[in-house]
Amino acid sequence: MVGSVLSAESISVSLRTEQFGRVLHVYGTVSSTNDLAKQLADAGAAEGAAVIAEEQIAGRGRAGRVWISPPGGLWLSTVLRPALTVDEWPLLSIALALAASISIETVAGLQAGVKWPNDLMVRNRKVGGILVEATPAYAIGGIGINANLTDSRIREIGESATSLQAEIGNTVDLNRLAATLLAGIEEQYRRLGSDRNAMLSEFRERSMVLGRRIRISGGAVSDGVAEGIDESGALIVRTEAGLQVLRVGEVSIRVAD
Ligand code: BT5
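Residues numbered from 1 in each chain as written. Predicted model: local features only at pLDDT ≥ 70, side-chain atom pairs only at ≥ 80, totals over all residues. Heavy atoms only, no water.

A. Examining the packing of helix α3 (residues 90-108) against helix α6 (residues 174-194) more closely. Two elements in contact, α3 and α6, have axes whose closest approach is 8 Å; the angle formed by their N-to-C orientations is 140°. If you check the angle between α3 and α6, you find them oblique. Considering how the two elements wind past one another, α3 and α6 form a crossing that is right-handed. Residues Leu91, Leu92, Ala95, Leu96, Leu98, Ala99, Ala100, Ile102, Ser103, Thr106 and Val107 of α3 form the contact with α6, whose participating residues are Arg176, Leu177, Thr180, Leu181, Gly184, Ile185, Gln188, Tyr189 and Leu192. Per-class residue counts for the contact of α3 with α6 are 14 nonpolar, 5 polar and 1 charged. (Axes fitted to C-alpha atoms, helices over the stretch in contact; angles between N-to-C directions. Helix = DSSP H or I, 4+ residues; strand = E, 2+ residues; numbered from the N terminus. Parallel < 35°, antiparallel > 145°, perpendicular 65-115°, else oblique. Left-handed = near helix turned anticlockwise from the far one by under 90°. Contact = heavy atoms within 4.5 Å. Nonpolar A, V, L, I, M, F, W, Y, C, P; charged D, E, K, R; others polar.)

Here you go:
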């Protein structure tokens, strides 16, 4: 399989970035790339330092959930040192999700929609996810993409999952996907400072929730219509109780609609 084995050398050859991935560690099996990126950040690593692993044995999602991360996927974390207020932290997930969605389109030719705030979806199945873990000093941006996961691996994960391989019937070049993603992260992350509104417009175009009836959970459960994503990245939902501004939470799309 071309490019199926991750290597720092192969990624570097096609890396077109100034900063992201210029410090790059590629490992075999790790606990979670977010943990390793945190260690780098604690040791003073600059923004853009990145960790990639072939396999995670303690990959995680949000709220303590497990992220299943067998070989064949792209499990990547990068150090961010954003100049954002706490209220603006949702923008980090948004920038990373936009970068991941564009990278999937570039490398696999698939349209990947984004379910606010952090799910990457192909044909209503989850093909990847974003986990941003922020501290006052830095944030770690973690991205998982089910790239070359076979149908049987996907079945183990569950009905709600898919992979690039399952969708296109072929493997993708993991090193190219990694280099493309790092370049995309650099571009979208920089736009947070210089070109935020245009970045958000592009994100909205890839959003699967805007205009849809959704159910919000992860606090009080309520139903509503997703009306917008504001300049801080929050989701604006019209519910019976009026407009709600959602900065974190779970959104599911109502099947009946
Ligand atoms: C996410 O959480 O979607 C964030 C996933 C972030 C993973 C990256 S990989 C690199 C970095 N290192 C880490 O340890 N994490 C990051 P959440 O929205 O909470 O979704 C988690 C849910 O997705 C689980 O409860 C499962 O239902 C489902 N799930 C788990 N593994 C999956 C997979 N490989 N593909 C699709 N769905 C999965």
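So much for the structure itself; the text now carries on.
B. Looking closely at the pairing of strand β1 (residues 24-30). Across 6 bridges, β1 lies against strand β2 (residues 50-56) in parallel orientation. What sits directly across from Leu24, in β2, is Ala50. For the segment spanning β1, helix α2 (residues 33-42) and β2, crossover handedness is right-handed. (Pairing = 2+ DSSP bridges. Right-handed = clockwise from strand over helix to strand, strands pointing away.)

C. Expanded view of the site of the ligand. Lining the immediate surroundings of the ligand are 26 residues, of which Ser32, Arg62, Arg65, Lys126 and Asn146 lie closest. Contact between the ligand and Thr33: a nitrogen atom at 3.2 Å from a side-chain N or O atom of the residue. A distance of 2.8 Å separates an oxygen atom of the ligand from a polar atom in the backbone of Arg60. Its free accessible area being 800 Å², the ligand has 89% of it covered by the protein chains. Where the shell around the ligand is concerned, the elements lending two or more residues are α2, β3 (74-80), β6 (125-134) and β7 (139-145). (Near = heavy atom within 4 Å. Polar contact = N/O pair within 3.5 Å; in protein donor to acceptor, adjacent residues only side chain to side chain. Areas by Shrake-Rupley, 256 points an atom, 1.4 Å probe, with all protein chains shown as cover.)

D. A look at unusual backbone geometry. A cis amide bond links Trp116 with the next residue in sequence, Pro117, at an omega value of -5°. You can see Pro117 is positioned in the loop between β4 (113-115) and β5 (119-122). With phi around 45°, Arg123 is a residue other than glycine that occupies positive phi space. Tracing the backbone through its elements, the reader meets Arg123 in the loop between β5 and β6. A relative accessible area of 61% means that Arg123 is categorised as exposed. Its identity as a non-glycine residue notwithstanding, Asn124 has a phi of 65°, on the positive side. You can see Asn124 is positioned in the loop between β5 and β6. (Buried < 20%, exposed > 50% of the residue type's maximum accessible area, 1.4 Å probe, protein only.)

E. The sheet that holds β7, seen in detail. Taken together, 7 strands build an open sheet; the order of strands is β1-β2-β3-β7-β6-β5-β4 and the sheet is mixed. One side of each edge strand has no neighbouring strand; the edge strands of this open sheet are β1 and β4. Each strand of the sheet is rotated relative to its neighbour by a mean of 20°, with strand direction disregarded. Pairing analysis gives 7 bridges linking β3 to β7, with the strands arranged antiparallel. Paired with Thr78 across the two strands is Gly141, which belongs to β7.

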